[in-house]
Amino acid sequence: MNAQFKKGALELCVLSMLTDGDRYGYELTDAISEKMEIASGTLYLVLRRLKEENLVTTYLRESENGPARKYYHLTDEGRNYQGQLKSDWLGFVRAVAGIVGE
Amino acid sequence: MNRQEYMDALSKALESFGSDIKDEIISDYEEHFNDGLANGKTEEQIIAELGSIEDLVRELKDLKDDNTSDNGRSFENFEKEAKKTFDDFSKAFASFIGSMAAGVTNGAQKFTDSASGYASNMADSLSGSFGKAAESFGKAADAFADKSVQFAKDVAESYKNNRNESTCERKCDAEKGEDNSADAEDIVMSVSYSDVNEISVETDCADIIVEPSEDGCVHFDCDYDATPSQKLAYRIEYGCEDGKAYAYIKKKSSVSSFFKKITGPEAIYVKLPGSVDKVKLASLSGDVELSDVTLDKRADISTMSGDVILNNLSVRDIYASTMSGDVDAVNLTSGIAELKTMSGDVEIDGNVINVNTQSTSGDVKAKIAGARKVKTVSVSGDVNAVLEGIDGYSATVDTKSGDINLYFGAESHEDVKRGSYTFGTGACEVTATSVSGDVVVEA
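In what follows, the accompanying structure is described. (Residues numbered from 1 in each chain as written. Chains lettered and ligands numbered in written order. Predicted model: local features only at pLDDT ≥ 70, side-chain atom pairs only at ≥ 80, totals over all residues. Heavy atoms only, no water.)

### Remarks on the overall build of chain A
So, step 1. A tally of helices and strands in chain A yields four helices and three strands.
So, step 2. When the elements of chain A are put in sequence order from the N terminus, they spell out α-β-α-α-β-β-α.
So, step 3. Relative to its full complement of 102 residues, chain A shows a buried share of 46%.
So, step 4. Looking at chain A alone, contacts between residues at least 24 apart form 53% of all its contacts between residues at least 6 apart.
So, step 5. With the model as given, the accessible surface of chain A reaches about 5,300 Å², and the carbon-plus-sulfur share is 52%. (Helix = DSSP H or I, 4+ residues; strand = E, 2+ residues; numbered from the N terminus. Buried < 20%, exposed > 50% of the residue type's maximum accessible area, 1.4 Å probe, protein only. Contact = heavy atoms within 4.5 Å. Areas by Shrake-Rupley, 256 points an atom, 1.4 Å probe, with all protein chains shown as cover.)

### Here we look at the nonpolar core
So, step 1. Ile199, Phe220, Leu281 and Tyr393 of chain B are the most contacted members of the largest nonpolar core, which has 66 residues in total.
So, step 2. It is strand 13 (residues 327-341) of chain B that provides the largest number of residues to this core, a total of five residues. (Core = buried A, V, L, I, M, F, W, Y, C linked by side-chain atoms within 4.5 Å.)

### Considering the interface of chain B and chain A
Bring the parts together and some accessible area is lost; that lost area is often taken as the interface size.
So, step 1. The partner chain A presents 38 residues to the 32 residues of chain B that form the contact.
So, step 2. Here chain B packs against chain A, burying approximately 3,200 Å² in sum over the two surfaces, 54% of which is carbon and sulfur.
So, step 3. Connecting chain B to chain A are six salt bridges.
So, step 4. The residue Lys70 of chain A makes a salt bridge to Asp28 of chain B at a minimum N-O spacing of 2.9 Å.
So, step 5. Taken together, the connections running from chain B to chain A amount to 13 residue pairs in polar contact (both at pLDDT 80 or more).
So, step 6. Top element by residues in the side of chain B that touches chain A is helix 2 (residues 19-38) of chain B. It accounts for ten residues.
So, step 7. Across the side of chain B that touches chain A, the residue classes break down as twelve nonpolar, ten polar and ten charged. (Buried area = accessible area lost by both parts, 1.4 Å probe. Salt bridge = Lys/Arg side-chain N within 4 Å of Asp/Glu carboxyl O. Polar contact = N/O pair within 3.5 Å; in protein donor to acceptor, adjacent residues only side chain to side chain. Nonpolar A, V, L, I, M, F, W, Y, C, P; charged D, E, K, R; others polar.)

### Quick notes on the pairing of strand 15 (residues 364-369) of chain B
Residue and element names in this part refer to chain B.
So, step 1. With six bridges joining them, strand 14 (residues 346-359) and strand 15 adopt parallel strand pairing. Across the sheet, the residue bridging to Ile348 is Ala366, located in strand 15.
So, step 2. Two strands pair when backbone bridges link them, and strand 15 and strand 17 (residues 383-388) are joined in this way by six bridges, in the parallel orientation. Residue pairing in the sheet places Ala369 in a bridge with Glu388 of strand 17. (Pairing = 2+ DSSP bridges.)

### Focus: a nonpolar patch on the surface
So, step 1. Residues Val96, Ile99 and Val100 of chain A make up a contiguous nonpolar surface patch of roughly 310 Å² in combined accessible area.
So, step 2. Among the secondary structure elements, Val96 of chain A is positioned in helix 4 (residues 76-100). (Patch = residues over 30% accessible without salt bridge, like charges linked within 9 Å, V, L, I, M, F, W, Y side chains within 5 Å.)

### Observations concerning the pattern of salt bridges
All names here are of chain B.
So, step 1. Following the criterion strictly, the structure yields 21 salt bridges over all chains and no others.
So, step 2. The shortest N-O distance in the salt bridge between Glu30 and Arg3 comes to 2.7 Å. Pair noted here: Glu30 is in helix 2 and Arg3 is in helix 1 (residues 3-13), with a separation of 27 residues, a long-range link.
So, step 3. Its relative accessible area of 28% is what places Glu30 among the partly exposed residues.
So, step 4. For Arg3, a relative accessible area of 16% corresponds to the buried category.
So, step 5. Lys367 serves as the salt-bridge partner of Glu388, at 4.0 Å between the closest nitrogen and oxygen. On the criterion of sequence distance, the pair formed by Glu388 in strand 17 and Lys367 in strand 15 is long-range, its members being 21 residues apart.
So, step 6. For Glu388, a relative accessible area of 36% corresponds to the partly exposed category.

### Quick notes on helix 4 of chain A
Residue and element names in this part refer to chain A.
So, step 1. Counted at 1.5 Å a residue, the expected span for helix 4 with its 25 residues is 36 Å, and the 36 Å between its end C-alpha atoms agrees.
So, step 2. For helix 4, the full list of buried residues reads Gly78, Tyr81, Gln82, Gln84, Leu85 and Ala97.
So, step 3. Immediately downstream of helix 4, the backbone of Gly101 shows phi near 85°, a positive value. (Expected span 1.5 Å × (residues − 1).)

### Considerations on the packing of helix 1 of chain B against helix 2 of chain B
Each pair of packed helices gets described by two things: the angle between the helix axes and the distance between those axes.
Residues and elements named next belong to chain B.
So, step 1. Put simply, helix 1 and helix 2 touch, their axes get as near as 10 Å, and they point 165° apart. Between helix 1 and helix 2, the interaxial angle falls into the category roughly antiparallel. Considering the relative orientation of helix 1 and helix 2, their crossing is right-handed. Across the interface between the two elements, Arg3, Tyr6, Met7, Leu10 and Ser11 of helix 1 pack against Lys22, Ile25, Ile26, Tyr29, Glu30, Phe33, Asn34 and Leu37 of helix 2.
So, step 2. Residue composition of the contact of helix 1 with helix 2, grouped by class: eight nonpolar, two polar and three charged. (Axes fitted to C-alpha atoms, helices over the stretch in contact; angles between N-to-C directions. Parallel < 35°, antiparallel > 145°, perpendicular 65-115°, else oblique. Left-handed = near helix turned anticlockwise from the far one by under 90°.)

### A few points about a negative patch on the surface
All names here are of chain B.
So, step 1. The grouping of Asp326, Asp328, Asp345, Glu347, Asp349, Asp363, Asp382, Asp403, Glu414, Asp415 and Asp438 at the surface amounts to a negative patch.
So, step 2. For Asp326, the location among the structural elements is in the loop between strand 12 (314-322) and strand 13.
So, step 3. Looking at Asp326, the relative accessible area reads 32%, which means it is partly exposed. (Lys, Arg positive; Asp, Glu negative; His and termini not counted. Charge placed at Lys NZ, Arg CZ, Asp CG, Glu CD.)

### Comments concerning the packing of helix 3 (residues 40-52) of chain A against helix 2 of chain B
So, step 1. For the pair helix 3 of chain A and helix 2 of chain B, the least separation of the axes is 11 Å and the interaxial angle reads 130°. Regarding the angle of helix 3 of chain A to helix 2 of chain B, the classification is oblique. Considering the relative orientation of helix 3 of chain A and helix 2 of chain B, their crossing is right-handed. Counting all contacts with helix 3 of chain A, which are made through Ser40, Gly41, Tyr44, Leu45, Arg48 and Lys51 of chain A, the residues of helix 2 of chain B involved are Ile21, Glu24, Ile25, Asp28, Tyr29 and His32 of chain B.
So, step 2. Of the residues belonging to the contact of helix 3 of chain A with helix 2 of chain B, the class tally is five nonpolar, three polar and four charged.

### A few points about the sheet that holds strand 2 (residues 56-61) of chain A
Two orientations exist for strands paired in a sheet by backbone hydrogen bonds: parallel and antiparallel.
Residues and elements named next belong to chain A.
So, step 1. Reading across from one edge, 1-3-2 is the order of the three strands in this open sheet, with antiparallel pairing throughout. The sheet is open, and its two edges are formed by strand 1 (23-24) and strand 2, each paired on a single side.
So, step 2. With two bridges joining them, strand 1 and strand 3 (residues 69-74) adopt antiparallel strand pairing. Bridge pairing links Arg23 to Tyr72 in strand 3.

### Focus on helix 3 (residues 43-50) of chain B
So, step 1. Listed as buried for helix 3 of chain B are Ile46, Ile47, Glu49 and Leu50 of chain B. On an axial view of helix 3 of chain B, the arc spanned by its buried residues comes to 160°, and they lie on one face.
So, step 2. Contacts made by the buried residues of helix 3 of chain B are with helix 2 (25-35) and helix 3 of chain A together with helix 1 and helix 2 of chain B. (Arc of directions from axis to C-beta.)

Shown next as C-alpha cells:
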C-alpha cells in the first residue's frame, strides 16, 4: 500500500475515534485492529506522531484496576484536521467508486 | 515468546532511537499488555496483536527519514545537514587526493618501464619532488578541512543568529498581545508597515524576492493558493515593532495528505522603501533575490540550498553565505562584500572596495572596479579575478595542480609559479588561490 495513503487512512481512523470523547490506547487500537489487519504497534506510532503534531494531547488517569492509563484527547487543531482528512477521504472514495462501480 | 522476552527484545531494538521515544513506546506497550490481559487475552495473542518488533523499527526509521526529507526539513536540522554536506565534501576531497596519488603511482610505473641509463638520478629527483608534493598536499588537505569545518560552523552560526533574534522579537509581540499571525484559514499575507528601518524574513522553502517600494512602506506579500490541509500545515507570521518588520513562513507540522506531500508557498515578495537600511534574509531551500535596492547599512543573507541572486544592489556591507547554492551578484555596489558558498559557484561584478569571495568546490569569478582588497578563493574550482579602474595590484597566488596566469595591461605572465607578484603601483591587494583549479588575475 502507498505509505502516504496508509498513513493518512490510519490518522483518520484514530482521529475519528477521538471526536466523541477521550480514549486510552488499548481502546483505540483494539477497536481498529478488530476491523482491519493492522499491528497495534503501528497505531501507537501513529498516536505518537499525532501527539508530536499537536493534533492530540495526552494525560494520565487512574484506572479501577491497575496502574494509570494514558488518555488521548483531540485538540482543536486535530478536530480541524480530522474534518479535512474526512472530506478528502470521502471525496476519494466516491471518485473511486464512480470508476470501479459499487 | 512471552511478555518478558518480547519487552526485553523491544527495549533493545529501540536503544538507538533515544530514551524519549524508547520510554514512551515501552510504557504504551506495557499498558497494552495490562489491558489485554485484563480483557482475557493471552500474552501470545497480545504479542501477535502488537506485531513484529522489526516492523516497528522499520516504521520508526521511515518516520525519521520522512521528517528529514526535503519538505519536512526543519531549521533544527540545519546543522546536521551542514555537517552532512561537509562530510560528503570531505569524501569527494579524499577521493580527489586518492586520484592524485594514483596519478603519482602511474607516473612511477611508466618511469620504471622506461628503464633508461640515467634512471637512478631521475628516480631520486622524482621521488624528491613527489615527496614534497605529497607533503604540501597533506598540509593543504588539513588546512582545507579546518577551513571547511569553520565555514560550516559560520554558516550554521549566522543562521542561528538570524533566527534567535527573530524568535525574541516574536516573543515580545506575543506578550503584548500584538501577534498578527495569520490564522490557518487566512494564509494569504498582504501587509504593509510604515517607518521601518530593519526587516527580517525567514522561510523554509519559499523564495524571498525583494524589490524597491514605491510608497515608503514595507510590503510583505505571499499568495498561497492552498488546499485546506496545506493551510493547516503552514504558518505565516508577520509583524512590526520599533521599526523592525518581520515575516516568517514555516512548516508547522508534517501532517500529510493522502497521496502527496504538502508543499508550501512558493515565494514571499518584499517591497523595501528607502528608510530600511538593514535586512536579514534566511531560507533553507528557497532562493533569495534582491533587485534594485539600496541599503545604508548591511544585508545578511543565508540559505542552505537556495541561490543568492543580487541585481543592482547597493549596500554598505553584505554578508551572504549558502551551503549548496550559487551566489550571483550583478552590478553590486558595496563597501564590504563577503560572498561564500560551499559547493556552488560565486560570480560577482560591480564596484566593491573590499571583496571576499569563496567557494570550496565551485568556481569563483570576480569582476570588480575600484577595489582595494580582493580575495578569491576556491579549493577544487577555478578562480578568476578581473580588476578594473586600478593602477596596479599586488597579488598572492597559489594553486597545487592548476595553472596561474597574471595579466596587467599589455603585460602577460602565463603559467607562473605560486608566490607574490606586484604590478604597477601595487595598490590593490589581491589574494587568489585554489588547490586543484586554475588561477587567473587580470587588470
